[in-house]
Amino acid sequence: MPAVELTPPEAARWAARAGLALPAERHAAVAAVADHIHRVVAVLRELDFADVPPAAAYRAGEEQHDAAV
């Protein structure tokens, strides 16, 4: 699914919808940061974590350190 970049007016509209006051000079910067975050999350969604146990299965201090350095 190709991502469509967020435009500065759309960033302003979404900010207003969320109840955030966004000055006009910040619209482009916010749109650019939102696009960057969207691209990073898209890459993370492509990763396969099928063999990784959930975080709740990890117990700090119980790991075995058996590798040679």
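None of the values given here were measured: they were computed from a predicted structure.

### Brief notes about a nonpolar patch on the surface
Next up, step 1: Taken together, the side chains of V40, L44, L47, F49 and V52 make up a nonpolar region of the molecular surface, amounting to roughly 460 Å² of accessible area.
Next up, step 2: Within the secondary structure, V52 is located in the segment after helix 2 (27–45).
Next up, step 3: For V52, a relative accessible area of 47% translates into the label partly exposed.

### Description of helix 1 (residues 8–17)
Next up, step 1: Among all positions of helix 1, only A11, A12 and A15 are buried. In an axial view of helix 1, the angular spread of the buried residues amounts to 100°, which keeps them on one side of the axis. Residues of helix 1 that are exposed and point over 90 degrees away from its buried face: P9 and R17.
Next up, step 2: In this fold, the buried residues of helix 1 make contact with helix 2.
Next up, step 3: G19 sits one or two residues past helix 1 and shows a positive phi near 85°.

The rules behind these values
- Residues numbered from 1 in each chain as written.
- Predicted model: local features only at pLDDT ≥ 70, side-chain atom pairs only at ≥ 80, totals over all residues.
- Heavy atoms only, no water.
- Patch = residues over 30% accessible without salt bridge, like charges linked within 9 Å, V, L, I, M, F, W, Y side chains within 5 Å.
- Areas by Shrake-Rupley, 256 points an atom, 1.4 Å probe, with all protein chains shown as cover.
- Salt bridge = Lys/Arg side-chain N within 4 Å of Asp/Glu carboxyl O.
- Helix = DSSP H or I, 4+ residues; strand = E, 2+ residues; numbered from the N terminus.
- Buried < 20%, exposed > 50% of the residue type's maximum accessible area, 1.4 Å probe, protein only.
- Arc of directions from axis to C-beta.
- Contact = heavy atoms within 4.5 Å.

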